[in-house]
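Listed below are the residues making up each chain.
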Amino acid sequence: GAGVSQSPSNKVTEKGKDVELRCDPISGHTALYWYRQRLGQGLEFLIYFQGNSAPDKSGLPSDRFSAERTGESVSTLTIQRTQQEDSAVYLCASSPGSSYNSPLHFGNGTRLTVT
Amino acid sequence: SQQGEEDPQALSIQEGENATMNCSYKTSINNLQWYRQNSGRGLVHLILIRSNEREKHSGRLRVTLDTSKKSSSLLITASRAADTASYFCAISGGSYIPTFGRGTSLIVHP
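What you are looking at is a predicted structure, and each value in this text was computed from that prediction instead of being measured.

(A) Local environment of the side chain of N31 of chain B. Residue placement: N31 of chain B occurs in strand β4 (residues 31-37). Taking the relative accessible area as the measure of exposure, N31 of chain B reaches 0% and is therefore buried. In this structure, N31 of chain B is in contact with Y100 and N101 of chain A together with L48, I49, R50, S51, A90, I91 and S92 of chain B, ignoring residues within four places of it in sequence.

Following this line, the structure appears as structure tokens:
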């Protein structure tokens, strides 16, 4: 079946502009994660959604970052007033449930470049 | 921190050789997962090993877990050029949020 889909695949924006990144999880997956990966680095957790529970926003680096998810469907990550240090690949992942033992299914990411 | 740390950071081998990479962590875990990332792509799940398991196999992959030493290893046997990728371990401890290390970059030369 279809995997996790992210759009756009690439985004170039000017410093100070707002950007919106989209993630379509696998149908039926209740858990959704956003991570950030800077060049040559590991994954930095940003935010976690589980069903209709309040999201875990503990990884968001500043108040310029926000994310929404309606039910168990699409999620959007918004970065306001982008800075050059926001340049990275933003990865979305979904998993079937809240079990500790559910592997994550990742999209191919959105590569964000802030000029 | 629950973040796992992979070792070595980079590994270069010839096709047909075995590749071993390690992951160390500092806290108690529920499970540890290994993922592969090809250049420019998302991560692909390889193996999940639970805290009460010691070894798991999947094809040419073998994962071991030593909770007393807080470490895990991923062995790829008879490596192929197509195994060239970055490999990450992810730790799940007290929350549902897996935390990832910086990864091991593996290059397999044909």
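(B) Representation of the state of the cysteines in the model. Applying the stated rule across the entire model yields two disulfides over all chains. A disulfide bridge connects C23 of chain A with C92 of chain A, and the sulfur atoms are separated by 1.9 Å. Taking the sign of the S-S torsion, -65 degrees for the link of C23 of chain A and C92 of chain A, the bridge is left-handed. Pair noted here: C23 of chain A is in strand β3 (residues 19-24) and C92 of chain A is in strand β8 (residues 88-95), with a separation of 69 residues, a long-range link. For C23 of chain A, a relative accessible area of 0% corresponds to the buried category. Covalently, C23 of chain B is tied to C89 of chain B through a disulfide, its sulfur atoms 2.1 Å apart. Across the S-S bond of C23 of chain B and C89 of chain B the torsion is about 65 degrees, and the bridge reads as right-handed. Pair noted here: C23 of chain B is in strand β3 (residues 19-24) and C89 of chain B is in strand β9 (residues 85-92), with a separation of 66 residues, a long-range link. A residue is classified by how much of its surface remains accessible, and C89 of chain B, at 0% relative accessible area, is buried.

(C) Focus on the interface of chain B and chain A. Listed by partner, the interface residues are 23 residues for chain B and 20 residues for chain A. The interface formed by chain B and chain A holds zero salt bridges in total. Every element with two or more residues in the side of chain B that touches chain A is listed here: β4, β5 (43-50) and β9 of chain B.

(D) Spotlight on the sheet that holds strand β8 (residues 71-76) of chain B. All names here are of chain B. Read across the open sheet, the five strands follow the order β1-β3-β8-β7-β6; overall the sheet is antiparallel. On the outer flanks of this sheet lie β1 (5-7) and β6 (55-58), each paired with one strand and no other. Averaged over all neighbouring strand pairs, the angle between strand axes comes to 20 degrees, with direction disregarded. When β6 meets strand β7 (residues 61-66), the two strands line up antiparallel, connected through four bridges. Residue pairing in the sheet places E55 in a bridge with T64 of β7.

Rules behind the numbers
- Residues numbered from 1 in each chain as written.
- Chains lettered and ligands numbered in written order.
- Predicted model: local features only at pLDDT ≥ 70, side-chain atom pairs only at ≥ 80, totals over all residues.
- Heavy atoms only, no water.
- Helix = DSSP H or I, 4+ residues; strand = E, 2+ residues; numbered from the N terminus.
- Buried < 20%, exposed > 50% of the residue type's maximum accessible area, 1.4 Å probe, protein only.
- Contact = heavy atoms within 4.5 Å.
- Disulfide = S-S within 2.5 Å.
- Salt bridge = Lys/Arg side-chain N within 4 Å of Asp/Glu carboxyl O.
- Pairing = 2+ DSSP bridges.
- Axes fitted to C-alpha atoms, helices over the stretch in contact; angles between N-to-C directions.

None of the figures reported here should be taken as evidence of function without further support.
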